[in-house]
Amino acid sequence: MKHIKRTAAAVALTASALLASACSPGTTPETTTNAADDRPIVNKENWPEKIPTSGPAKDLTLPLEAYMASYEDQVTVEQAADDLQQSCMKDYGIDLTLPRAGANPPPSDNDANIERRYGITDRAEAEKYGYELPPALREHTEQTMRDLSGVEVEVLTGHTKPEPPKAPNAVEAGEPVAVPNQGIEPARAEYNGKKLKSGGCIGWSKDQLGVKEVDPTFVAELAGDSLVRSLKDDKVIKVIAAWSACMDGKGHAGLADPYKAMDQGVTSDGEPSQESIALAVDDIDCKEQTDLVKIWFGVESAIQNQQIVDNKSPLTGIKDQHGKEVGAARRQLTASAR
């Protein structure tokens, strides 16, 4: 049970980190070309679906997802902020091109990670990749950005450029290693005859969009708690046991839960084997035979509905703030596209 709890919490929280690589809004072109190899930098075809369209998780949306920022919305805010920062830098006579948002999408649209919340659910992908992600989601699109001078960092951030980390040989010699933000001081007062903005162009862009620092993990933590609590429900315990028996009947003995199957099916080199593909397909077939996903989803939905009642005020505040930021970002992108 301890293993299940740890894995469940990890499943619920993993998408948060993945979503941090926000990418490109609806007002930008569908693709941005990478001049280096002519591959798209931003390809919306690789973006995760808002709601699963196939498999046992088809059309499922957990109650807490209404309070989670979607990938597209995160991308919209980030791209609007980047555009504002570039414009702000230009006002100081500095040409800066920031990486496009949306280049490296995560596998799930939000922190719920519904596609793999109860184990894998997409049979078509399982038949090709087993438990691995599709190749498009395993690739990383590199976007180069020139090194900024000290004064450029000051204009952008509102503080001086951090000291670079020590070289490996210096570490071996026992010299102190620079830590993040080491040596940072407030930026100069002005540049090119213009007063620097509070927090630099980054801080100014956030102010323009009304971006506020809110707890980025509050909703994800609630979702992690609901998943762990659902594992104690008799219905979930019973259906997991039925799934395990089904897997045993297909020759996969000793799998106590779907997370164990994922642990066993993931290959060390990231390339699916015939054995891992067979395991993945049987896994999904047993989920469908036992109705595992629907039952588990129903139990967890009830838990989350109560969580929403118990945390109405902070959740409403988070949802309202997301809406304001996304609305401002869309208006900014529309204005800049004219």
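As a starting point, this report considers the structure included with it. (Residues numbered from 1 in each chain as written. Predicted model: local features only at pLDDT ≥ 70, side-chain atom pairs only at ≥ 80, totals over all residues. Heavy atoms only, no water.)

**Some details on the nonpolar core**
Side chains of a nonpolar character, in soluble globular proteins, are inclined to be buried together.
Here is step 1: Counting 42 residues, the largest nonpolar core has L64, Y118, L292 and W296 as the members making the most contacts within it.
Here is step 2: In terms of residue count, the dominant contributor to this core is helix α12 (residues 292-310) (7 residues).
Here is step 3: What L292 contacts, discounting residues up to four positions off in sequence, is Y118, V239, I240, W243, P258 and K287.
Here is step 4: The next biggest cluster of nonpolar side chains, apart from the first, holds 13 residues, and it includes V155, L156, A187 and L196. (Core = buried A, V, L, I, M, F, W, Y, C linked by side-chain atoms within 4.5 Å. Buried < 20%, exposed > 50% of the residue type's maximum accessible area, 1.4 Å probe, protein only. Helix = DSSP H or I, 4+ residues; strand = E, 2+ residues; numbered from the N terminus. Contact = heavy atoms within 4.5 Å.)

**With respect to the state of the cysteines**
Here is step 1: Tallied over the entire structure, the rule returns 2 disulfides.
Here is step 2: With a sulfur-sulfur separation of 2.0 Å, C88 is cross-linked through a disulfide to C201. Handedness here is read from the sign of the S-S torsion; for C88 and C201, about -70°, the answer is left-handed. With C88 in helix α2 (residues 71-91) and C201 in helix α7 (residues 200-209), this pair connects stretches of sequence that are 113 residues apart. (Disulfide = S-S within 2.5 Å.)

**Focus: unusual backbone geometry**
Leave glycine aside and you will find that most residues have negative phi; peptide bonds, for their part, are mostly trans.
Here is step 1: A positive phi angle is found at N192, which is not glycine, with a value near 55°.
Here is step 2: Its place among the elements puts N192 in the loop between β3 (190-191) and β4 (194-195).
Here is step 3: Phi is positive for D291, which is not a glycine, with a value near 65°.
Here is step 4: Looking at the element boundaries, D291 is found in the loop between α11 (274-290) and α12.
Here is step 5: Classification of D291 by relative accessible area gives partly exposed; the value is 35%.

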